[in-house]
Amino acid sequence: MSAFVMNPARGLAVLAGGALFGFGLSLSGMIQPRVVLSFLRGQDMGLMLVMGGAVLVTLLAYQLAPRLWRSPLLGGTFDRHLAVLNRDTLIGSALFGVGWGLAGVCPGPAIAGLGAGQFDLLWALAGILAGAWLQGWQASAATRA
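Just so we're clear, the structure is a prediction, and the values are computed from it rather than from any experiment.

Structural notes on a nonpolar patch on the surface
A surface patch of nonpolar side chains, amounting to about 810 Å² of accessible area, comprises Leu56, Leu60, Leu64, Leu68, Trp69, Leu73, Leu74 and Phe78. Turning to its location among the elements, leucine 64 is positioned in helix α3 (residues 46-68). Given the relative accessible area of 45%, leucine 64 is considered partly exposed.

Set out below in structure tokens:
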């Protein structure tokens with residue numbers, strides 16, 4: 001697997017992708033916690049359409065790009081990440097789901113919501129940061145022991 005190195009061209013591509021992501025989330029209303037909670041209660045399937053559309057576009061791009069080009073346009077190689085289903089993945093996904101349901105906030109839409117002036121989302125982002133820091137601290141403590 002090749003190492004990812006950020007350079008100016010990749011930085012601009014990531015910036016453009018992030019801008020599209022944020023604009024799309026905002027345009028679709030997915031930055032609103034009430035919309036996310038309505039989805040989680042089964043009352044509004046708009047989030048499923050947004051996620052489904054994103055997955056479909058990404059799936060097509062990742063299937064077609066290696067057939068059209070020998071390597072990515074900005075360098076590197078086309079690599080596959082094989083996910084591992086293990087105890088940590090199952091527990092982590094369950095904890096993510098509980099946090100998502102309690103807060104009604106997903107990390108990407110929360111960051112995009114800040115750009116739309118929804119500064120109350122800083123509470124959720126502070127919790128996300130604290131949880132990720134705690135897990136990282138726990139993992140590093142376990143490797144030191």
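After presenting the structure, the write-up continues.
Things to note about the confidence of the model for the protein
Looking at the protein as a whole, the pLDDT averages 89, with 97% of positions reaching at least 70. Summarising per-element confidence for the protein, the mean pLDDT is lowest in helix α2 (residues 33-40) (89) and highest in helix α6 (residues 122-144) (93).

Examining the side chain of glutamine 118
As for its position among the elements, glutamine 118 is in the loop between α5 (107-115) and α6. The buried category is assigned to glutamine 118, whose relative accessible area is 15%. What glutamine 118 contacts, discounting residues up to four positions off in sequence, is Ile31, Gln32, Pro33 and Gly113.

Conventions and cut-offs
Residues numbered from 1 in each chain as written. Predicted model: local features only at pLDDT ≥ 70, side-chain atom pairs only at ≥ 80, totals over all residues. Heavy atoms only, no water. Patch = residues over 30% accessible without salt bridge, like charges linked within 9 Å, V, L, I, M, F, W, Y side chains within 5 Å. Areas by Shrake-Rupley, 256 points an atom, 1.4 Å probe, with all protein chains shown as cover. Salt bridge = Lys/Arg side-chain N within 4 Å of Asp/Glu carboxyl O. Helix = DSSP H or I, 4+ residues; strand = E, 2+ residues; numbered from the N terminus. Buried < 20%, exposed > 50% of the residue type's maximum accessible area, 1.4 Å probe, protein only. pLDDT = per-residue confidence, 0-100. Contact = heavy atoms within 4.5 Å.

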